[in-house]
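# Coordinates in review
These are the residues of each chain, in order.
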Amino acid sequence: MDEVRLIAGFRSEMPRASDETRRQARELLARQFEPVNFFGLPRLSRRSLLILAAVALGGGILAGSALAFGNSLFDSIRGKPAPPDVRRDFENFRSDDVFLYDPGVIPPRARGVLSFQTSIGRGTIWAAPLRQGGVCLWVRIHDARTASRGQAGGDSSGGGCYARDQVLGGKRVRVVLTGGPAPNFVVGFAAPQVRSVEVHLLEGGARRTHVYDGVFAVGNAPGTTATTAVAFDAKGRKVGSDTFWPEPSIPPAPVLKPTGPFEKLVGEQDGYRVSASIAPATGGGLCLEFEQTDVPSDSYCESRIDVQTAGPLQLLRLWWGPPVQIWRKDHTGEPVFWGYIFGRAAEDVSSVELRFEDRSSMPVPLERDHFFLALATGDRARPGHRPQVLVGRDRAGRVVATRRLDR
Amino acid sequence: MAEPFQRERESWTKVQSDDGAVILESLAEPARFGEIFERHYDAIYAYLARRVGPDSGAELAAETFSRAFALRQRFRPEPIPNARPWLFGIATNLLRHHRRNEVRKLRAYARTGVDPVLDEAPDAERRADASAASRELARALAALRPDERDVLLLFSWADLSYSEIADALGVELGTVRSRLSRARARVRELLDRSGEGVVETPATVGGNDG
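Remember, it's a predicted structure, so these values are computed and weren't measured experimentally.

As a further point, take the nonpolar core. One broad rule of soluble globular proteins: the nonpolar side chains tend to lie buried together. All names here are of chain B. With 69 residues, the main nonpolar core has Tyr47 and Trp86 as its most contacted residues. Ranked by residue count, the leading element in this core is helix H3 (residues 33-52), at 10 residues. Apart from the residues lying within four places of it in its own chain, the contact partners of Trp86 are Ile23, Phe33, Ala68, Leu71, Arg72 and Phe75.

Next up on the list: the environment of Gly159 of chain A. Structurally, the position occupied by Gly159 of chain A is in strand E4 (residues 156-162). Of the residues examined, Gly159 of chain A reaches a relative accessible area of 0% and is grouped as buried.

Moving on to helix H4 (residues 84-93) of chain A. All names here are of chain A. Of all the residues in H4, the buried ones are Val86, Asp89, Phe90 and Phe93. Summarising the axial view, the buried residues of H4 lie within an arc of 95°, below the 170-degree limit, and thus occupy one face. Against the buried residues of H4 lie strand E2 (122-130), strand E3 (134-141) and E4.

What follows is about the pattern of salt bridges. Following the criterion strictly, the structure yields 32 salt bridges over all chains and no others. For the salt bridge of Arg140 of chain A with Asp89 of chain A, the shortest nitrogen-to-oxygen distance reads 2.9 Å. Placement of Arg140 of chain A in strand E3 and of Asp89 of chain A in helix H4 is noted, with a sequence separation of 51 residues between them. The class for Arg140 of chain A is partly exposed, based on a relative accessible area of 26%. Salt bridges linked by common partners bring Arg16, Arg22 and Arg26 of chain A together with Glu38 and Asp42 of chain B together as one network.

This brings us to the confidence of the model for chain B. All names here are of chain B. When pLDDT is averaged along chain B, the result is 78, and 79% of the positions lie at 70 or above. In this model, residues 1-17 is a region of pLDDT below 50 whose contacts with residues beyond four sequence positions or in other chains number 30 contacts. Low pLDDT, under 50, characterises residues 199-210; the stretch is placed with 27 contacts to residues that sit more than four places away or in other chains. Here the predicted complex scores 0.42 on pTM and 0.81 on ipTM.

Okay, the packing of helix H4 (residues 54-70) of chain B against helix H5 (residues 84-95) of chain B next. All names here are of chain B. Running from N to C, H4 and H5 cross one another at 120°; their axes reach a closest spacing of 9 Å. If you check the angle between H4 and H5, you find them oblique. The two elements H4 and H5 meet at a crossing, and its hand is right-handed. Note on element contacts: H5 touches H4 through Trp86, Leu87, Ile90, Ala91, Leu94 and Leu95, opposite Leu60, Glu63, Thr64, Phe65, Arg67 and Ala68.

Definitions and cut-offs
Residues numbered from 1 in each chain as written. Chains lettered and ligands numbered in written order. Predicted model: local features only at pLDDT ≥ 70, side-chain atom pairs only at ≥ 80, totals over all residues. Heavy atoms only, no water. Core = buried A, V, L, I, M, F, W, Y, C linked by side-chain atoms within 4.5 Å. Buried < 20%, exposed > 50% of the residue type's maximum accessible area, 1.4 Å probe, protein only. Helix = DSSP H or I, 4+ residues; strand = E, 2+ residues; numbered from the N terminus. Contact = heavy atoms within 4.5 Å. Arc of directions from axis to C-beta. Salt bridge = Lys/Arg side-chain N within 4 Å of Asp/Glu carboxyl O. pLDDT = per-residue confidence, 0-100. Axes fitted to C-alpha atoms, helices over the stretch in contact; angles between N-to-C directions. Parallel < 35°, antiparallel > 145°, perpendicular 65-115°, else oblique. Left-handed = near helix turned anticlockwise from the far one by under 90°.

Next comes the structure, spelled out in structure tokens:
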């Protein structure tokens, strides 16, 4: 027998994919055909819930319009003090486990907000203030099904941090966290005059819930898709809404194509290459191509890249997360060794450098007014070598812009 | 002796010649990509399941199509309009994170005679009394360099031609030839050494399109 024939027969008894396996794979793919939520990510599975914290922090470093909450989101929350294990969860926010840098959370002041029912068990929302005047939410969902079988480890948790001025952005209601398919839930903030919120489902129907201390949460049936939160005041009048999942009647965005050559911005460290290329796109958009040494390339074009910060050094959102994506684990729970800083510089900025906590610095590649840098994170990052501030200089070498990254 | 899957490969290419058109259309109409899934899922799953087991294989197969969908703008229908090599290339990339696991299972099979990969499959015809040749083959596959094992198994299990393997892995045709040649020689050598040697036939000497 020749070796090719022998190999061809090796494990040839492997059965075909079951109908269920095939169905699950098809559903996973089909979910990508749908529009994405406002995080810029597909709806998040239970396993990926933790990543919400990182995604939402990207929102946490935004600068936005003033809002009805006044100076502190946290002051409106009056629940009981959080137990030690919850405070430890908030400690993890600053322990480098979720974020590269400390978002400024104050765990000892953590309080309870509300609890709500989901299809798998009771969810509880806790809040802790941020030093700069914002709040972090931490959602814990106790899996009653596994608990009843005497199993541990089925609980889910995740959350996000929100800067003082950014959460509502002038709206009366805004959804900030979603989970799905199970536990399937929606968490959001509402302005002081909002007493109840109705969450509408794509499949039809709605669930109404009270607003507690400016926060609301609704558990939905597994597999359903929440689309819109509608806010009502004490007299039952509709005072605002937040559509966070596009209705199917909204036509899909036009397919954009690059209209010029790609310019490459390269970051390399320890022999590991990560690069982004940019090109102008039809309709004034931007195309991005992204390559990593041992990961398949990725690319996309967008009509509008979300601007996360104002000013001469704007941080931009890459398609899978916030502008400064420095996570220790990705959405599959696998370690992530690289973070990315991507943004747009004003015309008068001719060079950009990144300064680290340990006072070292490095140049940031700048092309067509866009800068991009890949950074080693987690265990690969040197102690104290966390990115702290971007500095933009004009042609004469004068500092014309700075952008802090650690707040 | 002609290899039996050679004819199937040719007809497959004809049937699938419009993959490129479907992928192009899916840029405007994403759901069209479902056709690519329907055409190729079984082959991708079968390959991955044989390499790392049905559970990891199912996960990786789903991930392969998700990645492919996200990367579809990069698919180039020339010179090979068939998406199959491209999909196997993505699948092979994803397998890189499972190499240690794959080798561990191959070695376990060689050691115990029970294949952990087939053992995971509920409906597999398990062979507790695995042949000595199969156990030695598992040992030989585990001993190959990862890039050689990729080429050998893409050739033997995925039924890709030399040029399709080159396309899948993004390497030169000559690299495919040399890796495959080295891999086959190494397997032969290890099987010979174990006393489970193979008889060299004309069919094992040449390639398919090379």
